[in-house]
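# Analysis of the macromolecular model
Listed below, chain by chain, are the residues.
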Amino acid sequence: MSHLMNTYGRLPVAFSHGDGSWLTDTDGKVYLDALSGIAVNTLGHNHPTLVAAISAQAGRILHASNLYRIPEQEQLADKLAALSGMDEVFFCNSGCEANEAAIKLARLYGHQQGVDSPATIVMEKAFHGRTMATLSATGNRKAQAGFEPLVSGFVRVPYNNLEAIRTLARYNKNVVAVMLEIVQGEGGINIADIDFQRGLRALCDDRGWLLICDEVQCGMGRTGTWFAFQHAGIRPDVVTLAKGLGGGVPIGACLAAGQAKGLFKPGNHGSTFGGNPLATTAALTTIEVIENDRLIEHALIVGASIREGLAQALAGCAGIVEIRGQGLMIGIELDRECGELVTRGLTAGLLINVTAEKVVRLLPALTLGADEAQELVSRLARLLRDFLAVP
Ligand SMILES: *Cc1c(COP(=O)(O)O)cnc(C)c1O
């Protein structure tokens, strides 16, 4: 521990192995995992199909280089294009990298349009990553503090407020793109209104701006559609993915369509590891299992049952502000800070997360069973009632 940089306030527990939505720690205690490594373990832990595919791939080839063709990468790009309606894909290794690619695309696009100092509109409470550009795009002053000077070229507006963006458009002639999460994750499970999304799409078309959707957390089936923007029936110009894409193996992707297509040329962007055979095989297999087991439909149903179950179990419980979410991306907002629920959950054998100080965040695996969902509801409801009963 002492040789690790102090970047995380870690909980005093380590896991030795997992099975589906259950994790066992090094002392043998078993936990119900309602977080899946922050929306990463899409298929739960130790999924036999994913384990077999990764093992077989490791026995063939792990890495070659993007200096050569990578068939698994080409297949995954085809698959993602078919699922999303997007045209082309750049592969990298994480969410912030996918967003870096998106931000670079927006700038390239801007310059092509004759805008010398292109700006991207970003949202309050947004989270886009920890690299310098994505940190600058993130709407959290605490995360940014101490790392100034930030990268310029971002203008911030309130979430879900089309009028604020219209107003900005009137006097800021440098805007070339709008970037947002359709469901804000770190910001506290805030959902973009369908009207806002459609209005934004129309405004972007009207102004010739790129619409960039950061689906790093809300994508890959989590909200009950492959991508959260599909609830509104819109198609963005750029979509970024990571977290759940590889089912636990690091991989990120930046997808482009329409005016954002064909902007990068050889030499403009790259990644040594991006889209390697191991990571792309993991993603292809994850997608295959989601399709074969109809996990997207499942996420929609189980997610609704968790929200309803919690609403029932917590009825009349003072201190609950709102239970919201889409599919298996769920937030329970309290009227007070509740970070200590995480350690209380640990004691009770339940892995949850608290974000935006007051929001309990649930991001279980898409494979969470109906009975496991009920167990999650009963453990969490007990935890919340106990916590809120204390003055
Ligand atoms: C987690 C997250 C990121 C950053 O992803 P990393 O893989 O940690 O770089 C970016 N955007 C959103 C919406 C996220 O939830």
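Keep in mind that this is a model prediction, so the values were computed, not measured. (Residues numbered from 1 in each chain as written. Predicted model: local features only at pLDDT ≥ 70, side-chain atom pairs only at ≥ 80, totals over all residues. Heavy atoms only, no water.)

## Here's the deal with the nonpolar core
Of all hydrophobic cores here, the largest spans 95 residues; its most connected members are Met123, Ile306, Ile332, Leu341, Val360, Leu362 and Leu380. For this core, the leading source of residues is helix 12 (residues 370–389), giving nine residues. Among all residues touching isoleucine 332, those that are not within four sequence positions of it are Leu310, Ile320, Glu322, Ile323, Lys358, Val359, Val360, Leu362, Leu380 and Leu384. (Core = buried A, V, L, I, M, F, W, Y, C linked by side-chain atoms within 4.5 Å. Buried < 20%, exposed > 50% of the residue type's maximum accessible area, 1.4 Å probe, protein only. Helix = DSSP H or I, 4+ residues; strand = E, 2+ residues; numbered from the N terminus. Contact = heavy atoms within 4.5 Å.)

## Comments concerning the site of the ligand
If you check the shell around the ligand, you find Ser94, Gly95, Cys96, Asn99, Phe127, His128, Gly129, Glu181, Asp214, Val216, Gln217 and Lys243 and nothing else. In this structure, a nitrogen atom belonging to the ligand sits 2.7 Å away from a side-chain N or O atom of aspartate 214. Note that an oxygen atom of the ligand is positioned 2.6 Å from one of the side-chain N or O atoms of lysine 243. Burial of the ligand by the protein chains amounts to 82% of its free accessible area of 380 Å². For the shell around the ligand, the leading source of residues is helix 4 (residues 95–112), giving three residues. Broken down by class, the residue content of the shell around the ligand amounts to three nonpolar, six polar and three charged. (Near = heavy atom within 4 Å. Polar contact = N/O pair within 3.5 Å; in protein donor to acceptor, adjacent residues only side chain to side chain. Areas by Shrake-Rupley, 256 points an atom, 1.4 Å probe, with all protein chains shown as cover. Nonpolar A, V, L, I, M, F, W, Y, C, P; charged D, E, K, R; others polar.)

## What to know about the packing of helix 2 (residues 48–58) against helix 9 (residues 277–292)
Interhelical geometry of helix 2 versus helix 9 gives an angle of 155° and a closest axis separation of 9 Å. By the angle class used here, helix 2 and helix 9 are roughly antiparallel. Remark: the crossing between helix 2 and helix 9 carries right-handed chirality. In contact with Thr49, Leu50, Ala53, Ile54, Gln57 and Ala58 of helix 2, helix 9 contributes Pro277, Leu278, Thr281, Ala282, Thr285, Thr286 and Val289. Considered class by class, the residues forming the contact of helix 2 with helix 9 number eight nonpolar, five polar and no charged. (Axes fitted to C-alpha atoms, helices over the stretch in contact; angles between N-to-C directions. Parallel < 35°, antiparallel > 145°, perpendicular 65-115°, else oblique. Left-handed = near helix turned anticlockwise from the far one by under 90°.)

## Side note on unusual backbone geometry
Here the bond from glutamate 148 into proline 149 is cis, since omega is 5°, no more than 30 degrees from zero. Note that proline 149 resides in the loop between helix 6 (141–144) and strand 6 (154–157). One non-glycine residue, isoleucine 189, adopts positive backbone phi at about 55°. Looking at the element boundaries, isoleucine 189 is found in the loop between strand 8 (183–184) and strand 9 (190–191). Given the relative accessible area of 0%, isoleucine 189 is considered buried.

## Let's talk about the packing of aromatic side chains
Tallying each qualifying case throughout the model produces three aromatic pairs. For the pair phenylalanine 15 and tyrosine 31, a centre-to-centre distance of 5.5 Å together with 85° between the ring planes defines the contact as edge-to-face. Highlighted residues: phenylalanine 15 in strand 1 (residues 15–19) and tyrosine 31 in strand 3 (residues 30–33), separated in sequence by 16 residues. Here phenylalanine 15 falls in the partly exposed class, since its relative accessible area comes to 34%. Look at tyrosine 31 and you get buried, because its relative accessible area is 3%. (Phe/Tyr/Trp six-rings, centres within 6.5 Å; stacked < 30°, edge-to-face > 60°.)

## Some words on the pattern of salt bridges
By the definition in use, this model includes 16 salt bridges. A salt bridge links glutamate 291 to lysine 79; its shortest N-O distance comes to 3.1 Å. Of the two residues, glutamate 291 is situated in helix 9 and lysine 79 in helix 3 (residues 71–84); the sequence distance between them amounts to 212 residues. For arginine 201, the salt bridge goes to aspartate 237, with nearest N and O atoms at 3.0 Å. With arginine 201 in helix 8 (residues 194–207) and aspartate 237 in the loop between strand 10 (210–214) and strand 11 (238–241), this pair connects stretches of sequence that are 36 residues apart. The residues arginine 201 and aspartate 237 share a single accessibility class, namely buried. (Salt bridge = Lys/Arg side-chain N within 4 Å of Asp/Glu carboxyl O.)

## With respect to the state of the cysteines
Two cysteines whose sulfur atoms are joined by a covalent bond form what is called a disulfide. The full count for this structure, using the stated rule, is zero disulfides. Here cysteine 204 is not cross-linked by a disulfide; its sulfur's nearest cysteine counterpart is in cysteine 213, at 9.0 Å. Free cysteine: cysteine 338, not disulfide-bonded; nearest cysteine sulfur from cysteine 317 at 12 Å. The class for cysteine 338 is buried, based on a relative accessible area of 0%. (Disulfide = S-S within 2.5 Å.)

## Thoughts on the pairing of strand 10
Across the five residues of strand 10, five count as buried, placing the element largely inside the fold. Taking every second residue as pointing to the same face, both faces of strand 10 are buried, with Leu210, Ile212 and Asp214 on one and Leu211 and Cys213 on the other. Relative to strand 10, strand 7 (residues 175–180) runs parallel, the two sharing four bridges. By the bridge assignment for strand 10, valine 178 is matched with leucine 211. Pairing between strand 10 and strand 11: three bridges, direction parallel. Directly across from isoleucine 212, in strand 11, lies its bridge partner valine 238. (Pairing = 2+ DSSP bridges.)

## Side note on helix 10 (residues 295–313)
A rise of 1.5 Å per residue sets the reference length of helix 10, with its 19 residues, at 27 Å; its end C-alpha atoms lie 26 Å apart and thus fit the reference within 8%. Buried residues of helix 10: Leu295, Ile296, Ala299, Val302, Gly303, Ile306, Gly309 and Leu310, and no others. Looking straight down helix 10, one finds that the buried residues subtend no more than 145° of arc, so they occupy a single side. Structural note: helix 10 exposes Ile301, Glu308 and Gln312 on the side pointing more than 90 degrees away from its buried face. Among the structural elements, helix 9, strand 13 (320–326), strand 14 (329–334), strand 17 (359–362) and helix 12 are those in contact with the buried residues of helix 10. (Expected span 1.5 Å × (residues − 1). Arc of directions from axis to C-beta.)

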